[in-house]
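# Summary of structural features
For reference, the chains in residue letters:
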Amino acid sequence: MSLPLSSPWRAFWRVKVRLLRGIVTAAGGLLTLAILVQIASRYLFRTSILGIEEVILYLAVWFYFLGAALGAEQREHISASLVDVLAIGETPKRWVHWVASLLAVIICAWMTWWALGLVEWSWQMNMRSTELRVPVWLIQASIPAGLGLMTFYLLVECVDNLRRLVCDKEAA
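None of the values given here were measured: they were computed from a predicted structure.

A few words on the overall build of the chain. Within the chain, the regular secondary structure consists of 5 helices and 0 strands. Out of the 172 residues belonging to the chain, those deemed buried represent 33%. The contacts in the chain between residues at least 6 apart in sequence include a share of 73% that link residues at least 24 apart. For the chain, the computed accessible surface area is about 11,200 Å², with 71% contributed by carbon and sulfur atoms.

Rendered as structure tokens:
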């Protein structure tokens, strides 16, 4: 984050990111533990724990989507930009970065909207998982949660890219 924010907003941002990191770390740890328990029960004790595969899947989905949001916050999301490699001027690079970040925000926002519709549909249909009978919307809620956070972080990056583009034009 490089937007100029007041001290309370910076504190809020830090707390939010720490909470997100904590949730991702806990989900990753629980996921690892659940996989270890399943392997031990299957190969050491020759038994299977009912529903553990579902638990592993649900933890993994939350882990991946919130981890992707954390990657967007750190600006470590996947990018296939050849612009940085090409020998073009700084201003065209800044334009391309801004347009790419704007497109990412638009696409991510659209996917968040679509995912909210999916969660609403699962809620209305009262869909349940096969073994544990967990409401499916609880698992699917990870999709708009992660994508919503990604949209927010990508929007911050887009505004930051626009600020760099405008400020650097004025300095030139």
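Once that is clear, we can look at the packing of helix 1 (residues 7–43) against helix 2 (residues 52–73). Interhelical geometry of helix 1 versus helix 2 gives an angle of 150° and a closest axis separation of 9 Å. Comparing the axis directions of helix 1 and helix 2 gives the class roughly antiparallel. At the point where helix 1 passes helix 2, the crossing takes the left-handed sense. Among the residues forming the contact of helix 1 with helix 2, the class breakdown is 19 nonpolar, 3 polar and 4 charged.

By the secondary structure assignment, Gln140 is in helix 4 (residues 136–140). By relative accessible area, which is 15% here, Gln140 ends up buried. Setting aside anything within four residues of it in sequence, one finds Gln140 in contact with Leu118, Val119 and Ser122.

Core analysis: the biggest nonpolar cluster contains 19 residues, and Trp13, Val17, Leu20, Cys108, Leu147, Met150 and Tyr153 have the highest contact counts within it. Among the secondary structure elements, those contributing two or more residues to this core are helix 1, helix 2, helix 3 (90–125) and helix 5 (142–171). No other element matches helix 5, which puts 7 residues into this core. Excluding its chain neighbours within four sequence positions, the residues that come into contact with Met150 are Ala68, Ala69, Ala72 and Cys108. Listed in part, the 6 residues of the second largest apolar core include Leu31, Ala34, Ile52 and Leu59.

Here is what the cut-offs are and how they apply
- Residues numbered from 1 in each chain as written.
- Predicted model: local features only at pLDDT ≥ 70, side-chain atom pairs only at ≥ 80, totals over all residues.
- Heavy atoms only, no water.
- Helix = DSSP H or I, 4+ residues; strand = E, 2+ residues; numbered from the N terminus.
- Buried < 20%, exposed > 50% of the residue type's maximum accessible area, 1.4 Å probe, protein only.
- Contact = heavy atoms within 4.5 Å.
- Areas by Shrake-Rupley, 256 points an atom, 1.4 Å probe, with all protein chains shown as cover.
- Axes fitted to C-alpha atoms, helices over the stretch in contact; angles between N-to-C directions.
- Parallel < 35°, antiparallel > 145°, perpendicular 65-115°, else oblique.
- Left-handed = near helix turned anticlockwise from the far one by under 90°.
- Nonpolar A, V, L, I, M, F, W, Y, C, P; charged D, E, K, R; others polar.
- Core = buried A, V, L, I, M, F, W, Y, C linked by side-chain atoms within 4.5 Å.

Interpretation note: all reported values are geometric properties and have no functional meaning in isolation.
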